[in-house]
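Descriptive analysis of the structure
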Amino acid sequence: MTWTFVRSPHTIDQLAGLPAEARAAALDLIDRLETDPYGNSASYGEDDGMTRQTWFADWGTMVILCNPVTRRITLLAVVWTS
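Let me sum up the structure you'll find in this document.

Structural notes on the pattern of salt bridges
Counting across every chain of the model gives two salt bridges. Residue R7 is joined to E34 by a salt bridge in which the shortest nitrogen-to-oxygen separation is 2.9 Å. With R7 in the loop between β1 (4-5) and α1 (9-16) and E34 in helix α2 (residues 20-35), the pair connects residues that are 27 residues apart, well separated along the chain. A salt bridge links D28 to R32; the nearest nitrogen and oxygen atoms lie 3.6 Å apart.

Below, the structure written as structure tokens:
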């Protein structure tokens, strides 16, 4: 079973606010996360098995919540520092 990246209006707005070069890399990362979120991320803070961090392109960071019961990935924060 694959994972589903939650595409809520808030998430879409956050991704749409990224520069064009960041948006393409973020969408590529989302595809990889839906295949293997744990293999494409690292624990964020204390390892609770759900809150993860991951990186895209040279300047992007995402903090995500991976729910192993529902197999849904929720974007908590996205940052582009360039």
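Looking at the pairing of strand β4 (residues 60-67)
Bridge analysis of strand β3 (residues 51-56) against β4 gives six bridges, and the strand direction is antiparallel. Each residue of the ladder has a partner; that of F56, found in β4, is G60. Joining the antiparallel neighbours β3 and β4 is a turn of three residues, in which A57 adopts a positive phi near 50°. Between the end of β4 and the start of strand β5 (residues 72-80), which pair antiparallel, lie four residues, with R71 showing a positive phi angle near 60°.

Comments concerning the pairing of β5
Relative to β5, β1 runs parallel, the two sharing two bridges. Looking at β5, one finds that T4 is bridged to R72. In terms of strand pairing, β4 meets β5 through eight bridges, oriented antiparallel. Residue pairing for β5: T61 is matched across the bridge by V79.

What counts and what doesn't
Residues numbered from 1 in each chain as written. Predicted model: local features only at pLDDT ≥ 70, side-chain atom pairs only at ≥ 80, totals over all residues. Heavy atoms only, no water. Salt bridge = Lys/Arg side-chain N within 4 Å of Asp/Glu carboxyl O. Helix = DSSP H or I, 4+ residues; strand = E, 2+ residues; numbered from the N terminus. Pairing = 2+ DSSP bridges.

Limitation: the analysis is restricted to geometry and does not speak to function.
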